[in-house]
Amino acid sequence: MIEVHRVSKVYSVGPVKVPALREVSFRIAKGEFVVLTGASGAGKTTLLRLLYRDDLPSEGDIEVLGYDLVPMRRSQVAALRRSIGVVFQDAKLLPVRTVYENVAFVLRVLGAPRREITERVFDALRIVGMSSRAQAYPAQLSQGEAQRAALARAIVRRPPLLLADEPTGNLDESMAAEILEALKDIGSGGTTIVLATHQARLAAALKRRTVTLDAGHVVKDEG
Amino acid sequence: MVGFLVGEALRDLRRAGRVAVSAIVLITLSLAALGGFWLVSSNLDRAVARWRDRVRIVVYLKREPSSSDVAALVERVRATPGVAAVTFVGKAEALRGLKQVLGKDAGVVDQLPANPLPASLEVTPAAAAATPEGARELVARLAALPEADEVAGSVDWVEHLSHWQRLLTTIGLGVGAVLGFAAILTVTTATTLVLHARRHETEIMRLVGASEVTIRLPLLLQGMMQGLVGAVLALATLVLTYSLVAPRLEPLVNLTLGLSQLVFFTPLGVITLLGAGTLLGGLGGWLARAGREP
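Residues numbered from 1 in each chain as written. Chains lettered and ligands numbered in written order. Predicted model: local features only at pLDDT ≥ 70, side-chain atom pairs only at ≥ 80, totals over all residues. Heavy atoms only, no water.

### Details of the sheet that holds strand E10 (residues 217-222) of chain A
Residue and element names in this part refer to chain A. Counted only if it meets this: Whether two strands pair comes down to DSSP finding at least two bridges between them. Strands are runs of DSSP state E lasting at least two residues, helices are runs of H or I lasting at least four, and both sets are numbered from the N terminus onward. Lines fitted to the C-alpha atoms define the axes, with helices restricted to the stretch that makes contact. Angles between their N-to-C directions range from 0 to 180 degrees. Contact between two residues is taken to exist if any of their heavy atoms lie within 4.5 Å; hydrogens are not considered.
Spatial strand order, E6-E7-E8-E3-E9-E10: six strands in an open sheet with mixed pairing. The open sheet has two edge strands with one neighbour each: strand E6 (84-87) and E10. Within the sheet, the average angular offset between the axes of one strand and its neighbour, ignoring direction, is 15 degrees. In this structure, strand E9 (residues 209-214) lies alongside E10, joined through five bridges in antiparallel fashion. What sits directly across from Asp214, in E10, is His217. Helix-sheet contacts for helix H6 (residues 173-188) involve strand E3 (33-37), strand E7 (161-165) and strand E8 (192-197), and the interaxial angle to E8 is about 155 degrees.

### Section: the domain arrangement of chain B
Our working definition: Segmentation into domains, and thus their bounds, comes from an automatic or database assignment.
Considered domain by domain, chain B is made up of domain 1 (2-51 + 158-287) and domain 2 (56-154). Summarising the inter-unit geometry, the C-alpha centres of domain 1 of chain B and domain 2 of chain B are found 51 Å apart.

### As for the side chain of Thr278(B)
Residue and element names in this part refer to chain B. Selection criterion: Partly exposed residues are those whose accessible area sits between 20% and 50% of the maximum for their type, while under 20% is buried and over 50% is exposed, using a 1.4 Å probe and protein chains only. Whenever two N or O atoms come within 3.5 Å, that pair is a polar contact, provided that in protein one can donate a hydrogen and the other can accept it, and provided that, for residues adjacent in sequence, both atoms are side-chain atoms.
Within the secondary structure, Thr278 is located in helix H9 (residues 267-287). Judged by its relative accessible area of 17%, Thr278 falls in the buried class. One polar contact links the side chain of Thr278 to the main-chain carbonyl oxygen of Leu274, over a distance of 2.7 Å. Contacts of Thr278, omitting those with residues within four sequence positions, involve Met224, Gly227 and Leu228.

### Brief notes about the environment of Ser83(A)
Inspection of the secondary structure assignment puts Ser83(A) in the loop between helix H2 (74-81) and E6. C-alpha separation for the pair Ser83(A) and Ala139(A), spaced 56 residues apart in sequence, amounts to 29 Å.

### Focus on the interface of chain A and chain B
Going by this rule: Once two parts are put together, the accessible area they lose, assessed with a 1.4 Å probe and summed over both, is termed the buried area. By definition here, a salt bridge exists when the distance from a side-chain nitrogen of Lys or Arg to a carboxyl oxygen of Asp or Glu is within 4 Å.
The interface of chain A with chain B comprises 23 residues on the first partner and 21 residues on the second. For the pair chain A and chain B, the summed buried surface comes to about 2,000 Å²; carbon and sulfur atoms form 59% of the total. When residues of chain A are sorted by the area they lose upon contact with chain B, Arg74(A), Arg81(A) and Val109(A) head the list and together hold 29% of the total. Inspection of the region where chain A meets chain B yields two salt bridges. The residue Glu203(B) makes a salt bridge to Lys92(A) at a minimum N-O spacing of 3.0 Å.

In structure tokens, the structure reads:
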């Protein structure tokens, strides 16, 4: 499903080279739920961005869902992303659209038929427990609800791979627990999940395979 | 999908607000100017074509040929390069023509001791010779005829009219181009504002794997919509102006240019104007580029 082979990423800040990832290698099998943890700045977000081809590695190879990410053409990037759901720390909901419209937006962009859109959107909202808030605008939602709406948007296409970048970073414990429960439910359906979090206690509580990054290195891969 | 793209384009247009209105106004102005000059130019073009058809070169003959020689002379002149048609006008016929022109004063002619008018050949130049150079060459050739006493006629004044028509076309194109360029820049500005306002949508679209065409088509469409609205307004302005001005101008135009009526655009012209507006707007929309990915 995912194969990261000796991947390094160096950012150039003027004349200064800042390494974000160094010789990172790991594999994730289909259906796995992997927690990517480490302190802020350890390289978690960089790694996730490389996985959905938002950026390119400076060195190394990445294969995701059978796509070799480095020599990809733009059209292939679009095809790859149609198979990946992504959730961020900030929910990135469109403020002038309701929860329903936010989730439906993804399907409309991809040209899904209207009847299928309604069915799939309510299906996704049901999975994250947001059916009753379908007509609410983002400003009317709590942070936990906004994050669940973002989760619904990520899974509405039923992608085989879900990448979650600090989805609980802005949430209190009970709200974070709700999100994690939702993620577990999604994972139990066969979706491969990569969850990046700096919250070590939360990572431990999940009792899943955990890949720990420190200053761009993989320092631990256990579980 | 089409409904979605059009819906997004309309949403973008609302977002662009006053800048979109400015762009529409500029497109209206540029197309109204362009269309106005085009209308004047095409009517002048009609006048030029009409007068070119009427250009005649008259070869006055030293003496009237006998009726048996007329056919041979006409045939010989008709074979001259640049001649389309030849009509012989005898002395008597010329006198009758003069009487007609003089009307109630035709009696003066009867006081003349003899018919002073020469016989002549009215030569219609071929299309290739209906230019100043062509006409001058033809006049020289006709003057070389042994029977010719004098040759009169040129197409110079028609060419002057033609120059004016070309000048107007050039001015129209120039003014239209400047305003059109400004319109494209304004649509580009409006679209850039839209791009900023819809950056979250664009980010989500890219994230979920929308094609570049799906991302950029609403931008193109909203530009085209601005252009089309501008073109329709320009057309309405021209229709209104034409309906107000044409009836007042037609008597004067008839007197000076010989055109009984001023014509408006043909359906093809209307389509061209609407198409030009849509193209202007679309170009502005397309030129505003979204950020590219690695």
